[in-house]
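# Residue-level structure breakdown
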Amino acid sequence: MPVFSQEEGITAQFSFDGSLFKKIDVQSNELIEPIAEFNEAETCVVLSYIGRDNYQVKYQDYVGIVTLEDLEVTEEIMDLYYAYQEKQRAKAIADKEMRIDKIRQIELAKEVEKQKALRVKFVKDSVAHAEAKLKAIREQFVRDSIAKEVAKRKALRVKFIIDSIAEIEERKRVIREQYVRDSIANEVAKQKALRTQFVKDSLAEVESRARAIRAQFIRDSIANEVAEQKALRTQFVKDSLAKVEANARAIREQFVRDSIANEVAEQKALRTQFVKDSLAKVEANAGAIREQFVRDSIRQETLNKKANRVQFVYDSIAHAARKKRNIRVQFVKDSMTKIQEKQKEENELFIRDSIAKSIRNLQGFREQIIKDSIARSFKEELLKREQFLKDSIAKEFETKRAPAITPEKVKEEVYSLEYRNTCHFSINEFDPFYNVKTIRTEPYEVAESLSMELYMQGRKTNIFVSAQVDLGCVSYFSHNRSSVKVKLESGQKVSFYHSWDMECGEYLFKGNLSQSQRNILSSSPIKSIILRGTKGRLEITEIMYKTFFIDKLKCLEE
């Protein structure tokens, strides 16, 4: 691809009337400081392409900057563009390779430092781990030794207490057995005396008295026996518990004091003495138990029948009490089950009623919304029809009253002062998240079958032009880029270039609107508008709304 330098130069023509500028604003890509004016079709020499659709040209004795839209595009001009792009691409590739090499070197140095630091850290961690492990082993050994000694002493104390409690329990058991045997012996003596008296009395008296005595005896015996047994057991338990508590407390206190003074030696002596005492007591108790057992065996058989009768009464009473208690428990369970089932049914009924009520409310709410929507629509339609009738009557009245109104006067009346001073927006909103305000005016009919809209988002401003004409396609390509030129009554001209998608058939145009263009457009009414497409151009001179830019550019400043 050939590359054209400034020395070679390319002869070209201007596509529009415009200005030659000295500098370019890098941030906004707008040309500033005009140094000369040129007319359409005048020639110039293109010296170089400086990027962003801007060219350096020589016009007469001036060297300045113009945009691609100011020039009639040729293959030589496009070659300058392609050569610039190729040079920038090669430079970008070289810069990228240099950055990649530098990044690789930095990453390699970082990796070396990282490996070195890892090795040093590994050595330090290994030493610290070994020291910590050795310290933990020592501490564990000390803890285990202490725990073993404590457990050993605790086991000795527990064994001593258990042995003492066992001895106390054995004493309690012996006392209870002795009490039972004494009670049985007393009862046997009473029975023997009654039988002797019964033999001495006559047979008739014996029968009647025996029945009364036996009945009373059974009742009294049971009552006395129960009362005596209960009282004896209560007193015995109280005395035994008091003695046991006192003995146990004394033993524990003595044991603690002895353990503190000389735990190992005194515990050994206590165990030895305890064993001797236990053996002596066991021997003494064993002899007494054997003698008592011989005496009790003789009387045991006599008392079996009475004991069986008493046990039968107790068992009957206990069985009746258990049966009654079971009946009450079952009644309570059945009552609770019925209550729970009833509560569950009431909850389910409440939920079903709530759901049905919610559904009825929702249906009523929906029906009300539909009725309100129908009423609003009907009311709006009625208002529209009333307004239409009023407008028709007014228009007919005006037509009959003034049939000689000219088209120019109609245009002036359409765009009244109130209409001109009012901003009509299709979008007017502020986005608090992005902190951006967006404004778009409604389409204004500037000429017959041609309308314009103004759009601003943040600091970016555009103009939309829509016309019912067929000029081929509205193109954004550099070699056949579509444009709209606005000529003002002051003689100034402002050109816009298409910056949207390719549109064919209907003329739909979008161009960028700079601040300098806004200043020019708001200074003078419109004289004519030139539309350019891929298949030709059209100049519109019959302008209905000449002060469009003067009136509506102010809407973007609100």
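No experiment lies behind these values; they were computed from the predicted model shown.

### Description of the pattern of salt bridges
Applying the stated criterion across every chain yields a total of 15 salt bridges. A salt bridge links lysine 546 to glutamate 489; its shortest N-O distance comes to 3.7 Å. One end of the pair, lysine 546, is in the loop between β18 (536-540) and α6 (548-552); the other, glutamate 489, is in the loop between β13 (483-488) and β14 (493-497), and 57 residues separate them in sequence. Among the charged side chains, a salt-bridge network with shared partners connects Asp53, Glu69 and Arg481.

### Looking at the nonpolar core
Core analysis: the largest hydrophobic core is formed by 32 residues, its most contacted members being Leu450, Met452, Leu521, Ile529, Leu531, Phe548 and Phe549. Every element with two or more residues in this core is listed here: β9 (444-447), β10 (450-457), β11 (460-467), β13, β14, β16 (507-512), β17 (526-533) and α6. Leave out the neighbours within four places in its chain, and isoleucine 529 touches Val446, Leu450, Met452, Val484, Lys485, Leu538, Glu539, Ile540 and Ile543. One finds Leu20, Cys44, Val57 and Leu80 within the second-largest nonpolar core, a separate group that totals 17 residues.

### Focus: the packing of aromatic side chains
Inspection of the entire model under this criterion finds 17 aromatic pairs. Judged by centre distance (5.8 Å) and plane angle (55 degrees), the ring pair of tyrosine 444 and phenylalanine 548 falls under tilted. Residue tyrosine 444 is found in strand β9, and its partner phenylalanine 548 is found in helix α6; the two are separated by 104 residues along the sequence. Taking relative accessible area as the criterion, phenylalanine 548 reaches 0% and is therefore assigned buried. Relative to phenylalanine 464, the ring of tyrosine 455 has its centre 6.1 Å away and its plane inclined at 85 degrees; by these criteria the two rings are edge-to-face. Look at phenylalanine 464 and you get buried, because its relative accessible area is 8%. Every member of this aromatic cluster is reached through a ring pair, and the members are Tyr49, Tyr55, Tyr81, Tyr82 and Tyr84. Here the guanidinium or amino end of arginine 440 rests over the ring plane of phenylalanine 464, the centre of that ring lying 4.3 Å away.

### Brief notes about the pairing of β10
Judged by how many residues are buried, β10 sits mostly within the fold: seven of eight residues are covered. Across three bridges, β9 lies against β10 in antiparallel orientation. Bridge pairing in β10 links tyrosine 444 to methionine 452. Between the end of β9 and the start of β10, which pair antiparallel, lie two residues, with serine 449 showing a positive phi angle near 65 degrees. Between the end of β10 and the start of β11, which pair antiparallel, lie two residues, with glycine 458 showing a positive phi angle near 70 degrees.

### Regarding a nonpolar patch on the surface
The grouping of Phe141, Val142, Ile146 and Val150 at the surface amounts to a nonpolar patch, some 400 Å² of accessible area in total. Position of isoleucine 146 among the secondary structure elements: in helix α1 (residues 75-200).

Scoring rules and cut-offs
Counting restarts for each chain, with residues numbered from 1 along the sequence as it is written. In keeping with the model being predicted, local features are shown solely for residues with a pLDDT of at least 70 and side-chain atom pairs are shown and tallied solely at 80 or more, while totals for entire chains, interfaces and linings include all residues. Think of the side-chain values as coming from all heavy atoms in the structure, minus any hydrogens and water. When a carboxyl oxygen of Asp or Glu lies within 4 Å of a side-chain nitrogen of Lys or Arg, that pair is called a salt bridge. The numbering of helices and of strands both runs from the N terminus, where a helix is a DSSP run of H or I of at least 4 residues and a strand a run of E of at least 2. In plain words, nonpolar cores are sets of buried Ala, Val, Leu, Ile, Met, Phe, Trp, Tyr and Cys residues tied together by side-chain atoms within 4.5 Å. Each residue gets one of three labels from its accessible area relative to the maximum for its type: buried under 20%, exposed over 50%, partly exposed in between, using a 1.4 Å probe on protein chains only. A contact between two residues is defined here by any heavy atoms of the two lying within 4.5 Å. Ring pairs shown here join Phe, Tyr and Trp side chains whose ring centres sit within 6.5 Å, with only the six-membered ring taken for Trp; geometry is labelled stacked below 30 degrees between planes, edge-to-face above 60, and tilted in between. A ring is considered to have a charge above it if a Lys NZ or an Arg CZ atom is located within 6 Å of its centre and within 35 degrees of its normal. Pairing between two strands is assigned when DSSP locates at least 2 bridges connecting them. Within the patch definition used here, like charges are joined within 9 Å and nonpolar side chains (Val, Leu, Ile, Met, Phe, Trp, Tyr) within 5 Å, considering only residues with over 30% relative accessible area and no salt bridge. Per-residue accessibility takes into account occlusion by the displayed protein chains alone, with areas from the Shrake-Rupley method and a 1.4 Å probe.

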